[in-house]
Number of protein chains: 2
Amino acid sequence: MIQPFTTSTRTIMTPGPVEAYPSVLRAMGTPILGQFDPEFLKIMQEVKEMIKIPFQTKNEEAFAIDGTSRSGLEAALIALIEPGDKVLIPSYGRFAYLLAEIAERARAEVILIEKEWDSVFQQEDIIEAIETHQPKIVAMIHGETANGQMQPLDKIGVFCRENNLFFMVDTVATYGGVEIKVDEWQIDIAIAGSQKCVSVPAGLSLVTYNDRVKEVIEARYQLELGLSKEIRNERHISSNYLDLSQLQRYWSHEPINHHTEATSMIYALHEGLRLLLNEGIQESYERHLLNDQAIKAGIEAMGLTFYGDLTTKMPTVTPIMIPKGIDGENVRDMLLNEFGVEIASSFGPLKGKVWRIGNMGYSSRKENVLHVLGALEAALLYQGANINSGKAVQAALEIYLK
Amino acid sequence: MIQPFTTSTRTIMTPGPVEAYPSVLRAMGTPILGQFDPEFLKIMQEVKEMIKIPFQTKNEEAFAIDGTSRSGLEAALIALIEPGDKVLIPSYGRFAYLLAEIAERARAEVILIEKEWDSVFQQEDIIEAIETHQPKIVAMIHGETANGQMQPLDKIGVFCRENNLFFMVDTVATYGGVEIKVDEWQIDIAIAGSQKCVSVPAGLSLVTYNDRVKEVIEARYQLELGLSKEIRNERHISSNYLDLSQLQRYWSHEPINHHTEATSMIYALHEGLRLLLNEGIQESYERHLLNDQAIKAGIEAMGLTFYGDLTTKMPTVTPIMIPKGIDGENVRDMLLNEFGVEIASSFGPLKGKVWRIGNMGYSSRKENVLHVLGALEAALLYQGANINSGKAVQAALEIYLK
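What counts, and at which threshold
Residues numbered from 1 in each chain as written. Chains lettered and ligands numbered in written order. Predicted model: local features only at pLDDT ≥ 70, side-chain atom pairs only at ≥ 80, totals over all residues. Heavy atoms only, no water. UniProt positions renumbered as here; feature names shortened; annotations may be inferred. Helix = DSSP H or I, 4+ residues; strand = E, 2+ residues; numbered from the N terminus. Rg over C-alpha atoms; globule rule 2.2 N^0.38 Å. Buried < 20%, exposed > 50% of the residue type's maximum accessible area, 1.4 Å probe, protein only. Contact = heavy atoms within 4.5 Å. Areas by Shrake-Rupley, 256 points an atom, 1.4 Å probe, with all protein chains shown as cover. Lys, Arg positive; Asp, Glu negative; His and termini not counted. Charge placed at Lys NZ, Arg CZ, Asp CG, Glu CD. Pairing = 2+ DSSP bridges. Axes fitted to C-alpha atoms, helices over the stretch in contact; angles between N-to-C directions. Polar contact = N/O pair within 3.5 Å; in protein donor to acceptor, adjacent residues only side chain to side chain.

Looking at an unreviewed UniProt entry, chain A carries the name Alanine--glyoxylate aminotransferase family protein, with the source organism given as Vagococcus hydrophili. The record in UniProt for chain A states the following under Sequence similarities (unreviewed entry): "Belongs to the class-V pyridoxal-phosphate-dependent aminotransferase family." UniProt lists a comment for chain A under the heading Cofactor (unreviewed entry), and it reads "pyridoxal 5'-phosphate".

Written out as structure tokens, the structure reads:
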């Protein structure tokens, strides 16, 4: 007999996946409905409307894709890119390279503008690059999980719109935890995920786009051969699974047959968004900000330093310099094995140099912050680091109880 | 305040999604583990081994893809297809057209061989077509949900291997419910889904492939730009999200960073496969066969007729001719709204003419079979159909109690 799996209970303070709300976990236990059951279609329509609110958009189109965040990034890019199209991707961290990778595979001409990971771009510099390179699409990361930096976007969006370019933004690490103004910032298509500030397990990507994008998607519409032999289109999107022109119809009031919607994940998303919206998105932003202050105060009081420009750090991730002489992975192992706490390492030039503490969704709670600070201090002291003892949790309490 | 969603409890007798095992639903309620938490990696490795058993394969590679069944079909096809490659797709139902659609989008030269949906191909005819067209890849559906037909595959597989072609098979509708012999039939790559005979919610695709396929995938390996700027490859796979060369490494003992695994769905899959394997796959096949006999006996006793050749009908789907003068959708609505029972309509030439009763996974239970037969009889009588009354459930009981 194969035994059921067993798990420990973790305090997850990484930049995702984060702890799911208890009622999200319970919602997934709801028995299955058929994909076209009127009761399930009603749940999908409610999800559609709820997705729009943290995006602050009046877009008609907003829905979930049955895949993790990067499936949404790929769906968005391949919906807009036709072979040879110029895509400008300013990179200040790891995930711009993912956009570049996807765009390249979609046969775009990719123009990658790279900078050090310690800060974001001046918007003017990006605008200048757009003027130089004249791309069709500008694709950017709003909040970069690898370094915790968050890029201001409003001027870039305005410039793109004025010049009739498409502006695509990855808001995976910010959606629900930090203000995003899709309409005001003139973002044409934005993508988020379920596993960060929405506090839903990984497995869904969220997307919204405006009529400018919809027009392109409609012009590329090709219904699949199994449903029609007539609706052929030379400009069709390269993927069937991630074809927004079909997904949009699947999520419409007259759904076409495409994939079989991931019932339980949609239940989870409904509940996660519901809790977020009932808390209030402004209230959620304030909670993330407060917990971020407490994390920063604790880290500072311990005598540790941060990576990168604190003025553009996003509240949902804090990158911390690993002290000299300390093995970052030993500390992470000790946190996990002795304290049940997970924090993250980082990528590329920051690998081995930086830890990241996440502060997202249901994981963004006072008790988690106090626990991670206490555990990190204890693990560092145990491993002989030269830090201030007994200060971190007190500094965080000062923030909470002031 | 937005209210929690509410659902009715359904008896789902469609060809998927089907009812999930109660303990699968409970497993999804397990709190989240991080994607690289050693405890989660252990669960993934157990899943990997369990996936192989219903495929009856000794392949090294077997894993889940975070997307519904068709994401696996696309991943498999784009892993093998390079632009201009010839792909032969014999079609005896709806889903071969999906394979053709995906292959076409992958820029293959698609050779579609079509026949009436009422029966399968003679294997010799397919072998002849392979000889004529000399494709690189032959892609087929094992069990076709649209018409309930199941294609014998053994000779085709042997011929493909002898001639050094790739043989890809969609086993979505059969995996776990009907015997599949990946190694014996010489299938190079096979794909299944979570939402049918594994009794797990939709959202995961299962894949296994042998060393012949692995060699191609390895030759096309391109690690993404965010992790390496060196591992570039002109032959790279067209998608990043569905790139088996990366997914294979993500599921290895030394996982690379790619997507964020869908924790709760993997919990569900672990539990679904565990229950299937603890029942025994032979025992599962026998249960599906017995319930199929009961469904057929009941439908026949009612005086209804079947669509297609019964000798090649798969046990997991039964297509039934909608009696003349009866509106198939009215009957389906009545089943759902009065009896809480869902059965399916069909596609293309069978739309409006055929109902399909599914018989899959946890939904394949005696009480469900008796309930659907009783409900269908009652709905048909209510709508004035000229059928035998009081016979269907008795005929099914004869099967169960003989």
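As a further point, take the overall build of chain A. A tally of regular secondary structure across chain A gives 13 helices and 11 strands. Radius of gyration (C-alpha) of chain A: 22 Å, near the 21 Å computed for a compact globule of 402 residues. A burial count over chain A gives 68% of its 402 residues as buried. Residue pairs in contact within chain A that sit at least 24 positions apart in sequence constitute 72% of those at least 6 positions apart. When the accessible surface of chain A is totalled, it reaches about 13600 Å², and 49% of it is carbon and sulfur. Counting 37 positive and 53 negative side-chain charges, chain A places the centres of these two groups 2 Å from one another.

Okay, the pairing of strand 4 (residues 109–114) of chain A next. In terms of strand pairing, strand 3 (residues 86–91) of chain A meets strand 4 of chain A through six bridges, oriented parallel. Bridge pairing links Lys86 of chain A to Glu109 of chain A in strand 4 of chain A.

What follows concerns the environment of Ile266 of chain A. All names here are of chain A. Relative to the assigned elements, Ile266 resides in helix 9 (residues 263–279). Note on Ile266: relative accessible area 0%, which makes it buried. In this structure Ile266 touches Phe40, Ile43, Met44, Val47, Ala64, Leu204, Trp251 and Glu261, once residues within four positions along its chain are discounted.

All right, on to the sheet that holds strand 7 (residues 189–193) of chain A then. All names here are of chain A. If you trace the seven strands from one edge of the open sheet to the other, you get 2-8-7-6-5-3-4, paired in mixed fashion. The open sheet is flanked by strand 2 (61–65) and strand 4, the only strands paired with a single partner. Going across the sheet, the axis of each strand differs from the next one's by a mean of 20°, ignoring polarity. As judged from the three bridges shared by strand 6 (residues 166–170) and strand 7, these two strands associate in the parallel manner. Looking at the pairing, Val169 lines up with Ala190 of strand 7. Where helix 5 (residues 123–133) meets the sheet, it contacts strand 3, strand 4 and strand 5 (137–141), and its direction lies at approximately 155° from that of strand 3.

This part is about the UniProt feature "binding site: substrate" (unreviewed entry) in chain A. All names here are of chain A. The positions that UniProt labels "binding site: substrate" (unreviewed entry) are, in the present scheme, Arg356. Its place among the elements puts Arg356 in strand 11 (residues 354–358). For Arg356, the side chain forms a polar contact with the main-chain oxygen of Thr145, separated by 2.7 Å.

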